[in-house]
Structures are given as structure tokens and as C-alpha cells.
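# Structural features, examined
Below, each chain spelled out in residue letters.
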Amino acid sequence: MSVVLGGVPVLDRITAMIPRGGCTCIVGPNGAGKTTMLMALLGKMPHSGAVRISRMPDGRAPRIGYVPQRMDFDRGMPLTVVEFLAMGVQRRPLWLGVGRKFRERATDLLERVNASHLGSRRLGALSGGELQRVLLALAFQQDPDLLILDEPAAGVDFRGGQLFCEVLENLRAAHGFTQVMVTHDLGLVSNHATHAVLLNRQIIAEGRPHDILTQEHLTAAFGTHMGGAVVDIATGPCHCTNHGPDDASPGVGGGQE
Amino acid sequence: MPDLSGLMHLVGLLIPIESMQSLFMQKAFVGLLLLAPMTAAMGVQVVNLRMAFFSDAISHSAFAGVALGMLFSIHPHWAMPLLGVTVGVGIVAIQRHSMLSSDTVIGVLFAAVTAFGLALVSRAPELARDTQTFLYGDILTITDFDLMQLAMLLVVLTVFEIWSFNRMLYICINPRLAEIHRVAVATYQYIFAALLALVVIFSVWAMGVLLVTALLVVPAAAARNLARSAGGMFWWAVTISCSSAVAGLLISALPQVRTATGATIILIAFAWFLVSFVPVAARRESAR
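Every chain is numbered on its own, with residues counted from 1 as its sequence reads. Key to labels: chains lettered from A, ligands numbered from 1, both in the order written. Per-residue local features are limited, in this predicted model, to residues with pLDDT of at least 70; the limit for side-chain atom pairs, both in listing and counting, is 80 or more; totals at the level of whole chains, interfaces and linings are taken over all residues.

## A few points about the overall build of chain B
Going by this rule: Strands are runs of DSSP state E lasting at least two residues, helices are runs of H or I lasting at least four, and both sets are numbered from the N terminus onward. In this description the radius of gyration comes from C-alpha coordinates, and the expected globular size is given by 2.2 Å times residues to the power 0.38.
The secondary structure content of chain B amounts to 13 helices and 0 strands. In chain B, the order of α-helices and β-strands from amino to carboxyl end is α-α-α-α-α-α-α-α-α-α-α-α-α. Rg of the C-alpha trace for chain B: 19 Å, near the compact-globule value of 19 Å for 288 residues, within the 12% margin. Here the C-alpha coordinates of chain B stretch approximately 55 × 55 × 35 Å along the principal axes.

## Examining the interface of chain A and chain B
Spelled out, the test is: Contact criterion: two residues are in contact if their C-beta atoms, reconstructed from the backbone, are within 7 Å. Classification convention: Asp, Glu, Lys, Arg as charged; Ala, Val, Leu, Ile, Met, Phe, Trp, Tyr, Cys, Pro as nonpolar; all other residues, Gly among them, as polar.
Tallying the contact residues gives 23 residues for chain A and 24 residues for chain B. The class makeup of the residues in the side of chain A that touches chain B is 13 nonpolar, 6 polar and 4 charged.

## Section: the nonpolar core
Filter applied, for reference: Note on definitions: a nonpolar core is a set of buried residues drawn from Ala, Val, Leu, Ile, Met, Phe, Trp, Tyr and Cys, linked by C-beta atoms within 7 Å. To sort residues by burial, count the other C-beta atoms lying within 10 Å of each one's C-beta; a count of 20 or more means buried, 12 or fewer means exposed, and anything in between means partly exposed. C-beta atoms are built from the backbone.
Ranked by internal contacts, the top residues of the largest apolar core, which has 171 residues, are Ala137(A), Ala220(B), Ala223(B) and Ala237(B). With 15 residues, the top contributor of residues to this core is helix H2 (residues 23-48) of chain B. The residues touching Ala137(A), leaving out its near neighbours within four places in the chain, are Leu85(A), Leu109(A), Leu110(A), Arg112(A), Val113(A) and Ala115(A).

## Remarks on the confidence of the model for chain A
Threshold: Within a predicted model, pLDDT stands for the predictor's per-residue confidence, ranging from 0 to 100.
With 86% of its residues at a pLDDT of at least 70, chain A reaches an overall mean of 82. pLDDT under 50 marks residues 229-249 of chain A. Its contacts with residues more than four places away, or in other chains, come to 53 contacts.

## What to know about the sheet that holds strand S8 (residues 178-183) of chain A
Residues and elements named next belong to chain A. Formally: DSSP-based pairing: two strands are paired if at least 2 bridges between them are found. As a rule, the C-alpha atoms of each element are fitted with a line to give its axis, helices using only the stretch in contact, and angles between N-to-C directions run from 0 to 180 degrees.
Strand order in the open sheet formed by 6 strands is S6-S7-S8-S4-S9-S10, with mixed pairing between adjacent strands. In this open sheet, the two strands that pair with only one neighbour each are strand S6 (64-67) and strand S10 (202-207). Ignoring strand direction, the axes of neighbouring strands in this sheet form an average angle of 15°. For strand S9 (residues 195-200) and S10, the ladder comprises 5 bridges, and the chain directions are antiparallel.

## Observations regarding the pairing of strand S4 (residues 23-27) of chain A
Residue and element names in this part refer to chain A. Burial analysis of S4 places 5 of its 5 residues in the buried class, the great majority of the element. Neither face of S4 is exposed, since Cys23, Cys25 and Val27 on one face and Thr24 and Ile26 on the opposite face are all buried. With 5 bridges joining them, S4 and S8 adopt parallel strand pairing. Directly across from isoleucine 26, in S8, lies its bridge partner valine 182. Examined bridge by bridge, S4 and S9 share 4 bridges and lie parallel to one another. Pairing of isoleucine 26 across the sheet is with valine 197, part of S9.

Here it is in C-alpha cells:
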């Protein structure tokens, strides 16, 4: 797959696999094309080549949940968290209230992301970490087979990022979805991912994190200053554990046709 | 055309004050009660989507609509909405398919329709008289046909607000997120633009080009300050819009006041807006 924006190649003939049921991290420096790759994967970015997403065992196309990076929205808008979670699924207009079924569903989703106390809060009043957990709950509203996250912990404090990471791990262990996450946090990749794609406009390396996060690959992706990072990433600050892939969720492959 | 005299008589009975016994006041009252909930509901989305400039562009297409109607022998009642919807849908189409920013696209089309309208008006001196009517509006000259058009538009808009309020809210918050989560963003944007264009054009008759956007924006802005939820903002906007419309009509007709109805309505809505800062300040104080 290739993406050219304004005559500049942002992604240059990349080919990568995303194993079903695993946690794949797309990692690279700023401007490497990580978010562009996600958008192409979601079909929101014109590209050449092909993105192939396997169908589910029952033959249907996988449902996709998406958690954006630092969602840009109007924080002054009056909107409660429960309304936010109901707006995509409830047909009855919110000016006639949130139905009991949808209120219970929202409460359940918030409990899953350790945010049950946030239901009546205004969306714009949430902290960065709280908002990311609510966005995760919104993505779960889709009952996703494939969960795509774009630097979900960017701009969130350490504790908030750690909590988000733990919630995500527990959910993946419980629901077995395929997770694709963009990040430039190598500690998170090392502790969290089952598969990693090292990207800098081209694929530098792809495979198990401990196999590909080598000095040689990191230097190729990030430049010479990353040499010492290899030693630290295995004992990085993220305390999440790995869960191996299973066969319940879709796998994704992209390549040049 | 149904006979509306019974309805007008009922209005006179329900509001037993002298000014409301005139037929033109009764028609204006009914017209405003049809218009105010529509502008309130659409205003909520205009404020949340930051589309005030869009409604300005549509209202300024009124001149071009009238002039085109003259050229092609189409009554302004049809020519204005037709051109308004065309401009509204055109703005959305260009926004979606070009790299230009939203306000640049609107600014370009705003200038184009205004210039086109003024160019045609300058060639037809008989139209120049109407220009002032469009600038300031006149709800007191509303006809039965206008009332029927407003009633039909209210039905269509109510259906739209029931069917799409939640999805429009999704789009207001983040269109990309909405699209990925299977909301048909483009469809909603086109339908909303077309309906907003119709509401704006029909409001031009009542409020005038200069004040149309205010009728959309001011009640919704006050509602935004007063409400704590999306549902609450909707009802506050409807309450403020309807109460401002009725109070504005009645106050403007007082012998000691005798001001333009449209301007009086907006001034009352603005008073609501000022009052709406009281709970905002109280919330800020309690948060400390």
C-alpha cells in the first residue's frame, strides 16, 4: 500500500500483517505515517494497493471500534457522558431523554472501563485520562471485532495512561478482539504488544516486539539517538501483561497489489 | 388553501389584548409560533457545528433568489427557497471535496450570491424597493400561503429532528469518529444543509437578512449556557426562542414602544443570553 499526499509519498509501498486476536502496535517517530496507515486501514485515506480484512468465522465483515488521538471537540457543548454513549445507538432523540435500556447499557460500558462514576458528568469537563476511557467505552458500544486506537495515551498523565492500558488488557482478555494501536512509546510496545510494525514511511521491521526492537532497527526508524533505548524498553514503566492471540477476531493484511 | 380565519379568531380570544384583535397581528403570532421552534432546533446544531456564517450566506442569497425569480418568471416564494437550497447543498459539496477551509468556501459563495443578487437588482429599479423589505423583514405582512408553507416545513423539520438529532450530535462532536462508527455523515450533512437553507429563507420574510442568523444563534447560545445536557439545550433553545418571539411581537405593538418586530424579538433573546451567564458564573463559583 502507498499513500501520496500533495505529491509527497507518506507511505511508500508498505506491506504488513496484523494477526487476528493479538495486540499489534504500529510504532515509529513523528511524521512516520502511523496515523495515515490507520486511516488507510479504516478506508478514510485514498491509497494505492489494497487493505484486506478477513471476514469473521460466521462470514460477516468485522465490526470496527475506533479510539482517536486526543479527540478535538467543543468542550463547551452541554452533553453528559451517558448521552454521549447513547447518541450512536438510541434512535429516540435525546431531547426526549435517554431510554432505560440505553442508560443501563451506558452504565455497563462505563463499568467495563473503570469509569462508572462519570455517567452524569459533562463530557467537556473530563480529564484527558477520563475522556480516553469514555472514548474506549464508546468504541465498545460497537461491540468491536477489531479495535483501532490512535495514540490513546498521548497527552494523558502517567497514572491515567497506566490505568487505560490495564483496562484495555483486561477487555482484550475478556472479549478476544483484535487490537491495533499506534504509538511511539517503546516501553508500551515491549510490555503490551504481541506483534509490532516498525514504520518510518516504509516498513523497517515487523514481528514479535522483542525480535524487532533491536538497536539496528530503532536506529533505522528513529535515528542514531535511540541506541540506548533498547536496554530500557523491556523494563519500561508500563505494567501491562501480554495476552497471546486467539482465533476469535479478524486479521488484517495490507500490501501492494 | 384552507381557511385560517377560525384559527386567527381563536388567537384573538386566547390573547384578549387590544393589539391582538387585528388580523395581521394574529397571523404574525401564528407565523412566529411556527418559525420560532424551527429556528431554535436548527440553531442548536448551527451553534454546535459553528455554522453561523453558513446561515448568513444563505440569507444573503435572498436577493439573488428574488432577482432570478424575476428573470425566469418564478414567484419569489419558490425562487428564494430553490436558490437557498442550491447554495446550501453547494457549500457542503465544495467543503467535502476541496482542501479549502470551511469558512473560505462559505465566504466565496457568500460573496458570489450577494454580488449576483445586487448586480441583477441594480438592473431592475422596481426590485430596489423590495431590497429594504428583505433587509429588515416584516412578519406583519405574512400571508396565509406563507403560514401554510411554514406549517409544512415545521412538520418536515420535526421528523428530521426526531430521526437525526442524535446522529447530528455525533457529527457535531467529531465527524470522523461518527463516520468510522457507521454514521452516514455525508447524508446527514446534505439533508441538514438543505433544511437549514429552507428555515433561513423562510425566516428572511419575518426577520430580514440582517437578523436571520441572530434568530438561529442567540437562543441556542443562551440555551448552551443554561443547559447541562444535550436534551436540556434543545428545550431551553425552544423555550427562549418562542418566548422571545411572542414577547417581541406584543411589546413591539405597544403604542409607547412601536419598534420593528424582528429587532424587538432579537433584543429579548439577547436579554435571555445575558441572563444565561448567571448560572454559568454560579457553576464557576461552586467549582472553586
